Amino acid sequence: METSVWRALLYLVGIMVFAGLNAAYLGWCERKGAGRIQRRIGPCEVGYAGLLQPIADGVKLLSKQLLVPRGVDHILFRTAPVLAMIPAMTSMVAIPFSANIQARAIELSVLLLFALASIGMMAVLLGGWASGNKYAIISSARAVSQNLAYEIPMLVTVITVVLLTGSLELREIALKQQGGFWHWNVFRLENGHFLTMWISFIIFFICSVAETNRAPFDMAEAESELVAGYMTEYSSMGFGLFMMGEYLNIVVGACLTTTLFLGGWDCPLGLTPGVWWFLIKIYILIFTFIWIRWTYPRTQIYKLLNLSWKFLIPFSFANLLITAALIKVF
Amino acid sequence: MSVPLHLRSDEVFVLNLGPQHPATHGVLRVKLTMDGEYIVKAEPVLGYIHRMHEKMAEDGIFAQFMPNTARMDYLHALAFNHGWALVVEKAAGIEVPERAEYIRVITVELNRIASHLLWWAAFLLDLGGFTPLLYAFDDREKIIDLLERVTGSRLTYCYMRFGGVLNDIDDEFITGTRDFIKRLRSRLPRQYHDLVTHNIILIKRIKDIGFVSAEQCRRYGATGPVARGSGINYDVRKNEPYSVYPEFDFDIPVFPEGDSMARYMVRMHEIEQSMRIIEQALDKLPAGPVMGKAPRQLKPDAGYYYSAVETARGLLGHRLVCDGDKNPYKLKLRSPTFSNLSLFGEVAEGMLLADALAFMGSLDLVIPEIDR
């Protein structure tokens, strides 16, 4: 009994530290990365290489007044930023960082993560709605239609992974991919699955960019059209929580991609599996997110929806059928 | 895709785009009547930074208005300088030495490249691409440094004088300009075209969107890249030549499509043509004075005078009325952006908000020039 309490406490603190550090320092990484890409330095004044910048930003945001405009729905307006942050943080519970580091092995953890992601999306909807700002409402409407459109192909591609591994538990899925990169779901060689799984991976990756509202799919906060979208009326830590929620969603998305397709904590050559490989993989994915964001212009909401409904969804269903057939045949 | 299936007039709301909005580049306000994300009616509301420049011209002597010209189109200030100098020289009958004319052309064309680069950067920013902005500013910075050397200022130039220019250009400016042209030539294909022009997302966003017909251009008096993107081959530098432009060999890029992509391509080609003009002008640059004989106090004969120049945004006309006094009796400017913006309301009808903003970006609006 005693040890399980300590274990729970340790994981609670550990996850909060991991989430907090990521939420703060991914902002710094993003600004540094953007700086590199744009031939400038990025933050460099506060601390060595601007490393204390996130702390300075946090202090600044905390010291600002949390302005609640007249005519907003008070309860929803204050709930929304919290709702953006909490589900993303809770998702970390189910993520297996290595064979032994996982807060809780939940049997249906894949489903749990998707459910929590949907709650996170509710924050965008409620925040935009409660603000009573026309730009915010347009932004919320966009966010909902976008997330709806991209959750379908995402879930369908996850089913291919579930079929392949026969489990809905993330640790089980990762365990099935141990022993070098040729065992990873994305490159799986046996039984002809290499025909379909890389397509699954690409669809899943595109969907996770769209689900996290990142450029080029950042329709909800298209600043040249909607000022700041659903965040327009938020100041102080209300805004800060939305930003942190956004970065945490990116981390969760990268963790999920790593676990489902890239072998979790497995070493590419099958030598020294461990938590470091997991972290290397998620940060490579996160860097790819940043790289994409600072390279491409934004798409259009209807083109985005067309891409999902007319292209990704049919493809993901076809992909699912072929995967199922391959499993049946071999 | 830009025309919705049906528009119901009873389910619309009004969205005030601006005067403080990231996409309106200044203080333009557009009153949009929206049906969801579709625009039912778009009405530009002007006057937020009206400063009565034309009235100011009447209050001072002719030379005192020169700094004002740069405050209107701050992106192509030298063309506005040039236009004012031309109309006063015409009125007062002042001769300009050939070297000064060449220097005017070189600096105006450099400024035109800077203006197009900044348009490119801001347009991509409207489309959500932040990185191209800094690449374009990198190149624009070189031009600004060059112009600062000769004119003394970085943005709001007051370089032209009636009868010439303020400073002569030196060897360092000439080598610097040649180096810059070499550098931009090498960067255009990669940093500009590979990264942006051929980008599938950009093509999908601006191709076949924001269609402006040649008939609409004529009706609203649109000029410059907007008209040339709709297939109208009109450029003041070729059609009503002024200064020493007839001596140079350059083309006027014309694209008949009329969409935002066509306007984009016109401007990108104009950058190349401007570089050609500058190179030829540097090769042929004559020796001599840069300032002709001009009286200190100008008192042109009474009468009506008109001159037109081609700015980065189109035709700029100066209509000057003199009554024989030392002040202008009246000055009327015909600025290109005002006519180009007038198109917006008609074209944006039925468009999606995001498309309309991309279209607005492709018009290259400079608001202080509309609200003079």
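Computed from a predicted structure; not experimentally measured.

**Some points on the sheet that holds strand β6 (residues 303-311) of chain B**
Residue and element names in this part refer to chain B. Ordered by their spatial adjacency, 3 strands build an open sheet running β6-β7-β8, and the pairing between neighbours is antiparallel. Sheet topology places β6 and β8 (330-334) at the edges, where each strand pairs with a single neighbour. The mean angle between the axes of side-by-side strands here comes to 15°, regardless of whether they run parallel or antiparallel. The pairing of β6 with strand β7 (residues 314-322) spans 9 bridges and is classified as antiparallel. Within β7, the position partnered with Y305 by the bridge is L320. Sheet strands touched by helix α3 (residues 77-92): β6 and β7. Its angle to β6, the strand with the most contacts, is close to 155°.

**Here we look at the nonpolar core**
Among the nonpolar cores identified, the biggest contains 200 residues, and L248(A), I39(B) and A356(B) are the most heavily contacted of them. Counting residues per element, this core draws most heavily on helix α4 (residues 98-126) of chain B, which supplies 18 residues.

**Some details on the sheet that holds strand β3 (residues 38-45) of chain B**
Residues and elements named next belong to chain B. Spatial ordering of the open sheet is given by β1-β2-β3, a layout of 3 strands whose pairing is antiparallel. Only two strands of the sheet have a single partner each, and these edge strands are β1 (13-17) and β3. Recorded for the sheet is a direction-independent mean angle of 25° between the axes of neighbouring strands. Note: β1 against strand β2 (residues 29-35), 5 bridges, orientation antiparallel. Paired with V14 across the two strands is T33, which belongs to β2.

**Details of the interface of chain A and chain B**
Many analyses report the size of an interface as the accessible area lost when the parts associate. Opposite the 23 residues of chain A that make contact, chain B presents 26 residues. For the side of chain A that touches chain B, the elements supplying multiple residues, two or more each, are α5 (134-165), α8 (223-226) and α11 (301-329) of chain A. Counted by class, the side of chain A that touches chain B contains 11 nonpolar, 5 polar and 7 charged residues.

**Comments concerning helix α12 (residues 336-348) of chain B**
All names here are of chain B. For α12, spanning 13 residues, the distance from its first C-alpha to its last is 19 Å, which sits close to the expected 18 Å at 1.5 Å a residue. In terms of burial, α12 is a largely internal element, 10 of the 13 residues being buried. Along α12, the residues classified as buried are P336, T337, F338, S339, N340, L341, L343, F344, V347 and A348. Just past α12, the residue G350 takes up positive phi, approximately 85°.

**Section: unusual backbone geometry**
Residue and element names in this part refer to chain A. Positive phi, normally seen in glycine, also occurs at S236, with a value near 50°. Mapped onto the elements, S236 comes out in helix α9 (residues 236-261). Classification of S236 by C-beta neighbours within 10 Å gives partly exposed; the count is 16.

Rules used in this analysis
Residues numbered from 1 in each chain as written. Chains lettered and ligands numbered in written order. Predicted model: local features only at pLDDT ≥ 70, side-chain atom pairs only at ≥ 80, totals over all residues. Pairing = 2+ DSSP bridges. Helix = DSSP H or I, 4+ residues; strand = E, 2+ residues; numbered from the N terminus. Axes fitted to C-alpha atoms, helices over the stretch in contact; angles between N-to-C directions. Contact = placed C-beta atoms within 7 Å. Core = buried A, V, L, I, M, F, W, Y, C linked by C-beta atoms within 7 Å. Buried ≥ 20, exposed ≤ 12 C-beta atoms within 10 Å, placed from the backbone. Nonpolar A, V, L, I, M, F, W, Y, C, P; charged D, E, K, R; others polar. Expected span 1.5 Å × (residues − 1).

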